[in-house]
Amino acid sequence: MKTADPITTEVVRNFVIACAQDMNAALWRSAYSAVIYEGRDSAVVLLDEKGNMLGQSTGVPLFVGAIDACVKLVLARYGTDMAQGDIFILNDSYLQGTHLHDVTAVGPLFHKGELVGFGAARAHWQDIGAIDPGSTMGSTSIFHEGIRLGPTRIVSQGKPIPEWYDLLTRNTRLKAMTLGDLNAQISAIRTGEKRLDGLLDRIGVDTYRAACANIFEQARLLDIEAIRQLKDGTYYREGFLDNDGVTTDPVKIALTLTIAGEKMIIDLTGTSGPVQGSINCGAVQTESLLRLAYKTMINPDRAITGGSFSTMEVRIPDSCLLNAREPAACEWYFTGLGLLGDLMISCLGEAMPAKATAAHYGDSMVAAFFQMDKGEDSWISVEPTAGGWGGTNGGDGESALINLVNGGFRNIPAEVYETKFPVRVEEFSLRRDSGGAGRWRGGCGVTRTYLLLEDCYGALWFERAHTPAWGLAGGQSGAGPVNDILGPGGEPEHPLKMRARAFRKGTRIVTRTGGGGGYGDPLARPAGEVLDDVRAGLVSVERAWADYGVRILPDMTVDVDASRPRTMM
């Protein structure tokens, strides 16, 4: 059997990551939708011929841990019935775990007639024929949410299959954009095919496979070593989502983490059963989130590969909103995952105190606007919003950072937003006093004000008012989200979740995302640091006194005599 020396293994390790990044660059540069080329709502991976992860791109990290499952689904359906140039797509929420907007394209990669791997690109399609344009807030069944596809061949030996392209365009309000984004995904796969072919011409297939085997084994051994260093024990956390978007009942998320030797068992028993609203999530994506939280704390400097997570066992009850089954609605599947990630990281923090961190704001906090009655001039914008992250033992939480689920997702710059859509972004600022007080302060959320420049529709999905980002070691919780709708001549409204409805030109919608939890006793924060926070607009003079016991004078100096004594941690 062919072997690969350490230098060759490192060359291949860096190649597969660089190749995936090149693939993603091809996707971003050729996509039609701003949510992809600006927001980066996508992920691209390179896999071996068995569907095991090799290299992944930046983008939405929640996708990365689940795309290998999609490739294995394609393999299970088609087996050896694949040819060079074929492209398969799928988006079934119960198979790949996400909502139907996230379409995964998979292409087999051949070298001199031999299957040597797969390229896969997942991207968010703006409209897939749901009951509302874009992302519906009102679905109670998967059949409200758009076209649903299992593994499906849509390109055969490089030639598009017309019947499938016709089906896709008949099930979207944005035909040109949908085809453009699909072709961008195919371009990403073709880029990976070309790059991999060049490497294999130089080192050969056998050496490449030997290097991949080394990469997998190294990842497996590193995970085992890391888990063995943790304190054995069982850790439990629970929290509640505000509601499911249909009823007003809180929804429970529960997680039990057991560490025993080199094994980590994650059990979601106690989590709510399936709900009427659209926050149900497929098991594949639930496990992907747990992998992401795991990776945040354990060997975060090493890329995810097919050898990662061998120490992790996930148990999800059959009747659980995080193990969705037909016909459960899944449009807002990621709503519970943000809280689940915080619970997982909190449990891990107890097992590894040096890395403990307070909770972050958690939800994608989406604002959507659209007008679909203008023919070719129809438009749609769906955008998550950044917020505050939790403080750690030694550092303040980050402000205005996208949530754990979305990772590399970026907000659309106001200049681009205002150019593409008839909406003015009047304010995009840090939300003062939203970070939880602590020796190390939680990060601040953001305030974003939209002025509608024409009659259109708007929708909101904001979460974590019931369980805002909690603090640790005496730190305080961050603020939850708050929204205002200020219509011309109307009474102010304050919805967090709102299905698409019509708004008149001149309406202002003000969104405020949550802040991160604080870490440690707020009275241990040096007065000088509190003053810096006030000067930077992160903390008000009033909260400096109420939360930190620091009296700030009108000339922006500290009244030492009137301030409360500092404590030690």
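Up top you'll find the structure we're talking about.
Residues numbered from 1 in each chain as written. Predicted model: local features only at pLDDT ≥ 70, side-chain atom pairs only at ≥ 80, totals over all residues. Heavy atoms only, no water.

Overall, mixed pairing links the 4 strands, which are arranged E8-E9-E10-E11 in an open sheet. The open sheet has two edge strands with one neighbour each: strand E8 (233-241) and strand E11 (312-315). Averaged over all pairs of adjacent strands, the angle between strand axes in this sheet comes to 15°, irrespective of strand direction. In this sheet, strand E9 (residues 251-260) lies alongside E8 in antiparallel orientation, the contact comprising 9 bridges. When the sheet's bridge partners are listed, Tyr-235 is paired in E9 with Leu-257. Relative to E11, helix H8 (residues 283-297) is tilted by about 140°, and along the sheet it contacts E9, strand E10 (263-267) and E11. (Pairing = 2+ DSSP bridges. Helix = DSSP H or I, 4+ residues; strand = E, 2+ residues; numbered from the N terminus. Axes fitted to C-alpha atoms, helices over the stretch in contact; angles between N-to-C directions. Contact = heavy atoms within 4.5 Å.)

As for its position among the elements, Asn-24 is in helix H1 (residues 6-30). Setting aside anything within four residues of it in sequence, one finds Asn-24 in contact with Ser-42, Val-44, Ser-57 and Thr-58.

So, about the side chain of Asp-102. Its location among the elements puts Asp-102 in strand E4 (residues 102-111). Buried within the structure, Asp-102 lacks any salt-bridge partner; its nearest side chain of opposite charge belongs to Arg-122, at an N-O separation of 5.6 Å. Within the structure, the side chain of Asp-102 is placed 3.4 Å from the side chain of Tyr-333, a separation counted as a polar contact. Those residues within four positions of Asp-102 in sequence are excluded, and the remaining contacts are Phe-63, Leu-90, Asn-91, Gln-96, Arg-122, Ala-123, His-124 and Tyr-333. (Buried < 20%, exposed > 50% of the residue type's maximum accessible area, 1.4 Å probe, protein only. Lys, Arg positive; Asp, Glu negative; His and termini not counted. Salt bridge = Lys/Arg side-chain N within 4 Å of Asp/Glu carboxyl O. Polar contact = N/O pair within 3.5 Å; in protein donor to acceptor, adjacent residues only side chain to side chain.)

So, on to the packing of H8 against helix H9 (residues 335-351). Where H8 contacts H9, the axes come no closer than 9 Å and their chain directions differ by 40°. With respect to H9, the element H8 is oriented oblique. Handedness of the crossing formed by H8 with H9: right-handed. Here Gln-285, Thr-286, Leu-289, Leu-290, Ala-293, Tyr-294, Thr-296 and Met-297 of H8 come into contact with H9, specifically with Leu-337, Leu-340, Gly-341, Met-344, Ile-345, Leu-348 and Gly-349. When grouped by side-chain class, the residues that make up the contact of H8 with H9 number 10 nonpolar, 5 polar and no charged. (Parallel < 35°, antiparallel > 145°, perpendicular 65-115°, else oblique. Left-handed = near helix turned anticlockwise from the far one by under 90°. Nonpolar A, V, L, I, M, F, W, Y, C, P; charged D, E, K, R; others polar.)

Everything listed is a geometric property; what it means functionally is a separate question.
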